Amino acid sequence: MTIADTQAHLEALQHRLADLLREVQTVIVGQDDVLRGIVTCLLAGGHGLLEGVPGLGKTLMIRTLAAAVDLSFARIQFTPDLMPADIVGTSVLVDRPGGGRELAFQPGPIFNHIVLADEINRATPKTQSALLEAMAEGQVTAAGKTRPLPEPFLVLATQNPLEMEGTYPLPEAQLDRFLFKIDVPFPGERELLAILDRTTGTKTAAARPVLDGPTLLEMRRFVRAVPVVPSVAEYVVRVLRATHPDDARAADLVKRYVRFGGSPRGAQAVLLAARIRCVMDGRKSPSIDDVRAVAPSALRHRVILNFEGEAEGIAVDKVIGQVLTSVPADADRSRS
């Protein structure tokens with residue numbers, strides 16, 4: 001079905017997304033906000049960075065999502081000895097059918113629809129940079145030739161916030177390529193009991209495909225066509241500017257603890273994610289509340305603390321929270 005900007009098609013898209021979330025939840029227990037964040041990345045065509053302690057099911061979550069959307073999936077375990085060619089591929093000598101040998105390009109795991117970059121901060125900066133062109137432009141250059149990646153294409157990376165020894169923190173330029181940074185919380189008591197019941201018995205749940213690639217691409221086009229009233233877009237701009245310490249609207253925490261604020265990509269991520277949130281809830285246009293709901297995930301990796309903020313252990317989410325409460329929704333009030 002072609003998704004058009006009508007109420008009937010909006011409801012159809014909402015039902016499809018609800019089916020997708022339900023299918024993933026046949027395998028994954030809880031983590032509703034995390035799943036909605038990943039689905040937002042999927043619909044936006046933007047990449048996601050998941051951060052959480054080991055054992056929370058991040059890899060299983062991403063693998064299950066790929067199965068439910070019927071897309072090809074590859075997992076790359078990032079280690080200090082991983083080389084760029086292990087990601088993008090390399091040229092090897094192969095035998096010709098008629099005799100002799102020739103160089104042929106063997107694609108790496110990046111040539112899949114959904115790529116899990118597991119523990120991305122364990123690889124060296126040179127290897128991390130192999131993802132930059134793929135994430136930014138949907139293509140890779142290898143063996144002297146530029147090759148397009150399949151559509152849709154999505155990188156979902158994970159990193160462990162606890163064990164920092166032997167890791168290489170992602171540079172700001174690469175962090176900015178991620179649409180969302182999603183915090184994966186530790187499950188509650190009921191969720192832990194459900195996990196034990198689901199994973200220690202004889203039955204193993206598996207997701208079935210409920211979406212395909214062409215439908216997903218059509219859904220992406222639809223969410224980008226969702227209208228946004230000027231006041232909401234203006235609010236996004238004010239929020240972004242207020243994350244910069246030299247802005248007149250900057251909150252106290254920003255002026256004291258922030259070195260760099262969010263980039264224009266941050267504003268793009270906030271507005272696009274707000275569009276998707278309103279569609280997931282069955283509404284025709286995003287509101288200020290949608291912006292406030294998605295802003296932490298879109299900005300927490302783009303707001304860079306200064307030395308004082310790092311030394312005092314200031315949480316970036318606390319800074320963003322103060323920005324969202326201090327920036328008024330009314331543009332006239334912000335000028336007064």
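These remarks concern the structure in this document. As the structure is a computational prediction, the values presented were derived from the model and not from experiment.

**Considering the sheet that holds strand β9 (residues 178–183)**
Whenever strands of a sheet pair, they do so through backbone hydrogen bonds, lying parallel or antiparallel. What the five strands build is an open sheet, ordered β2-β5-β8-β1-β9; its pairing is parallel. What marks the edges here is a single partner per strand, and that holds for β2 (73–77) and β9. Adjacent strand axes in the sheet meet at a mean angle of 20 degrees when their direction is disregarded. Two strands pair when backbone bridges link them, and β2 and strand β5 (residues 114–118) are joined in this way by five bridges, in the parallel orientation. Paired with Ala 74 across the bridge in β5 is Val 115.

**A look at the pattern of salt bridges**
For the coordinates displayed, the defined rule picks out 20 salt bridges. A salt bridge links Glu 172 to Arg 259; the shortest N-O distance between them is 3.9 Å. A residue pair is termed long-range when its members are at least 10 positions apart, and Glu 172 in helix α7 (residues 172–175) and Arg 259 in strand β10 (residues 258–260) qualify at 87 residues. For Glu 172, a relative accessible area of 43% corresponds to the partly exposed category.

**Overview of the side chain of Ser 263**
Tracing the chain through its elements places Ser 263 in the loop between β10 and α12 (264–280). Of the polar contacts made by the side chain of Ser 263, one reaches the side chain of Asp 176; its length is 2.8 Å. Not counting chain neighbours up to four residues away, the residues in contact with Ser 263 comprise Asp 176, Leu 240 and Arg 302.

**What to know about the environment of Arg 238**
Summarising the element assignment, Arg 238 is placed in helix α10 (residues 230–241). A relative accessible area of 6% means that Arg 238 is categorised as buried. For the pair Arg 238 and Val 155, spaced 83 residues apart in the sequence, the C-alpha separation amounts to 29 Å. A distance of 2.9 Å separates a polar atom in the side chain of Arg 238 from the backbone oxygen of Ala 329.

Conventions adopted
Residues numbered from 1 in each chain as written. Predicted model: local features only at pLDDT ≥ 70, side-chain atom pairs only at ≥ 80, totals over all residues. Heavy atoms only, no water. Pairing = 2+ DSSP bridges. Helix = DSSP H or I, 4+ residues; strand = E, 2+ residues; numbered from the N terminus. Axes fitted to C-alpha atoms, helices over the stretch in contact; angles between N-to-C directions. Salt bridge = Lys/Arg side-chain N within 4 Å of Asp/Glu carboxyl O. Buried < 20%, exposed > 50% of the residue type's maximum accessible area, 1.4 Å probe, protein only. Polar contact = N/O pair within 3.5 Å; in protein donor to acceptor, adjacent residues only side chain to side chain. Contact = heavy atoms within 4.5 Å.

Honestly, that's just the spatial picture; any functional story needs more than this.
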